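Survey of secondary and tertiary structure
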Amino acid sequence: MPPFEPVLLEAIGTPESHTIASYRARGGYAPFEKLLAEKQPVDVIELVKSAGLRGRGGAGFPTGLKWSFLPKDHPGPVYLCVNADESEPGTFNNRILMEDDPHQVIEGTMISSYATRATTAYIYLRYEYPHAWDRLQAAIDEAYAAGLLGKNIKGSNFSLDIYLHRGAAAYICGEETGLIESIEGKRAWPRIKPPFPAIEGVFRKPTVVNNIETMACVAQIARRGVDWFRSIGVPADPANPRDPGSYGPKLYCLSGHVEKPGCYEAPLGITLRELINEYGGGVWKGRKAKAAIPGGISMGLMTEAEFDTPLDFKGPGTVGCMGLGTAAVVVIDETVSIVDFLHNSCRFFAHESCGQCTPCREGTNWNLRILERIRAGKGRLKDLEILLENGTTMGMMPGSTICGLADGAAWPIKNVIHKFRDEFEDYIKRTNPEGWMVTDPVPALQIVGAH
Amino acid sequence: MTSHALKRLTPEMVAEIEALAPRYPDRRALVLPSLHLVNKALRHVPLDAVVDVANVLGLPPAEVQDTLTFYQFFHQQKPHGTVRAFVCRSISCALRGGDELLEKLCSQYGIEPYGTTDDGSLTIEPAECLGACDFAPCVLANDDLLKNLDPAAAAAALEAVKIRADQQNAQRPQPTTHSPMEDA
């Protein structure tokens, strides 16, 4: 067994792990009560900053720094939105935390609210998690009953309400300003930034949006301390003053073609190969891996030869992936056609593009139509050039869209065609022997719907 | 509240919406919770209900409709089945037979994806990642997550959810006479 003792998942699988009694018995809520009695909010921000915690939702932005962008001495209210719209394909760690240890998430939310002076926290939960909804609501009710939520908590000046808000099956609600618009009752169209949510967020008030796993990390930093957190993971590169390092434990979601899919906690920086072999029981059916997604489908693929790359915030970027993302690892074995993989990716983004920015709305749908045509044996080599052109012109990076969804849609296209170009070309030539060299425009096979 | 006569919302539903109002500084934030409430009761959100929600919240109906149409989740033309089954087709499930599962279920029940059986007992919809990749391929049927589904056994799992849904409906209080729950 791996030597690392899980912390974020310490209670998973124990009886009644979702109850306040279990959480208290593990030392839960005492750190919140201590911080509330002894520390000022600014001290809590410093605590999280010095721990080097980076957001677990995908972007890896330093959490304490995000909090410090809130205006000082704002008359309020300030809002905390906890992002539980976990929708990146392959990702399910938030679900496990919310279902089986909701109080850890709630305590992290309390501490983060105290640090940011938020008096209302909304947990934006995706529709697809009804069990997590029940468990979180029960945990919130228990916390109110224990006097941990409500007015003047434990005799302090701090008041906090936590409310659940239910999404309606749209990936874009995980984008922080899309989430804010959705809470406000509008279509979840991401906002142009600036202003960033810290200045003008939900209900036009200063707002912090943090991920569920980030909340759990905050709770553990408060309980176990900065030194403990910094003893895990990959330290900052001393030669690079802009590298914030990759500290702390991380929940890796492992799925696809492995023997034992599941959510595993490991120090940031474990390699993909270690994760698959030591935790996942290896590739399924004794087969070889072809590639793996390192952190949700937007990140692109790592080939089998790249599996020794560390899965910290920096590693996947060194092998042409967008980043660590959500640390959702999806393994594909040697029997999978790379054309089918990219088709699945393009279908997802075509379905989930919110339709606000034309390059993304049209681009994702055209990409899907091209992939459908290639799969149907009507592909041309020219299509790869068109896909790459789409891939390099849609997104925030080329400056043609408001949010990063299009970048996430484009990255797998660029990455996969770059890494598996021979396979694409072979497939196209083999399935379309008469027409693979044609360069004239061709009609799409069918119209696909979008939001 | 409003002077308009409500066509689809019962006083109980209005009371449920109003109970949520103190949570938000702006009544527009109640749009999504209200739509969920209506959808739970009626299994769709007809235009009359959109107008009702708008009246209760003090919003132009177009704003509520605008939000509704963004989330393809809410059906408007007709109710979804007593059981609504979302079959995951995203990557982790697709690698373990999600697409084949969707095809098999649709052909077993004789419906197209997004379709509802003639008896109104089941709607099957493709879904993007359900966040249960550790149990791929999976289906979310009402509030039940059906895990590691073998296509041969999937229909039996759905039938069990249908039986539970029927039992729950039988226990649910019948609509009172002043609440026109039936289609006009």
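Residues numbered from 1 in each chain as written. Chains lettered and ligands numbered in written order. Predicted model: local features only at pLDDT ≥ 70, side-chain atom pairs only at ≥ 80, totals over all residues. Heavy atoms only, no water.

**Details of the pairing of strand β1 (residues 83-88) of chain B**
Residues and elements named next belong to chain B.
- Within β1, six of the six residues are buried, leaving the element largely enclosed by the surrounding structure.
- Of the two faces of β1, the one carrying Val83, Ala85 and Val87 and the one carrying Arg84, Phe86 and Cys88 are both buried.
- With six bridges connecting them, β1 and strand β2 (residues 122-127) associate as parallel partners. Note on β2: the bridge partner recorded for Val87 is Pro126. (Buried < 20%, exposed > 50% of the residue type's maximum accessible area, 1.4 Å probe, protein only. Helix = DSSP H or I, 4+ residues; strand = E, 2+ residues; numbered from the N terminus. Pairing = 2+ DSSP bridges.)

**Comments concerning the packing of aromatic side chains**
Residues and elements named next belong to chain A.
- Applying the stated criterion across every chain, the model contains 18 aromatic pairs over all chains.
- On the numbers, 5.2 Å between centres and 75° between planes, the contact of Tyr114 with Phe158 is edge-to-face. Here Tyr114, found in helix α6 (residues 102-116), pairs with Phe158, found in the loop between α7 (130-145) and β3 (161-166); they are 44 residues apart in sequence, far enough to count as distant.
- Look at Tyr114 and you get buried, because its relative accessible area is 10%.
- In this structure Phe158 comes out as buried when scored by relative accessible area, which is 8%. (Phe/Tyr/Trp six-rings, centres within 6.5 Å; stacked < 30°, edge-to-face > 60°.)

**Describing the confidence of the model for chain B**
- On average, residues of chain B score 91 in pLDDT, and 92% of them reach the 70 mark or higher.
- Every residue in residues 175-184 of chain B scores below 50 in pLDDT, and together they form 11 contacts with partners more than four places removed in sequence or on other chains. (pLDDT = per-residue confidence, 0-100. Contact = heavy atoms within 4.5 Å.)

**Considerations on the interface of chain B and chain A**
- Tallying the contact residues gives 38 residues for chain B and 57 residues for chain A.
- Buried surface at the junction of chain B and chain A, both sides included, amounts to about 3900 Å², of which 57% is carbon and sulfur.
- Inspection of the chain B/chain A interface yields three salt bridges.
- Here Asp99 of chain B ties to Arg347 of chain A by a salt bridge, and the two come within 3.0 Å at their closest N and O atoms.
- Linking chain B to chain A there are 20 residue pairs in polar contact (both at pLDDT 80 or more).
- Looking at the side of chain B that touches chain A, the elements with two or more residues in it are α2 (31-42), α4 (61-70) and α5 (91-94) of chain B.
- Broken down by class, the residue content of the side of chain B that touches chain A amounts to 21 nonpolar, seven polar and 10 charged. (Buried area = accessible area lost by both parts, 1.4 Å probe. Salt bridge = Lys/Arg side-chain N within 4 Å of Asp/Glu carboxyl O. Polar contact = N/O pair within 3.5 Å; in protein donor to acceptor, adjacent residues only side chain to side chain. Nonpolar A, V, L, I, M, F, W, Y, C, P; charged D, E, K, R; others polar.)

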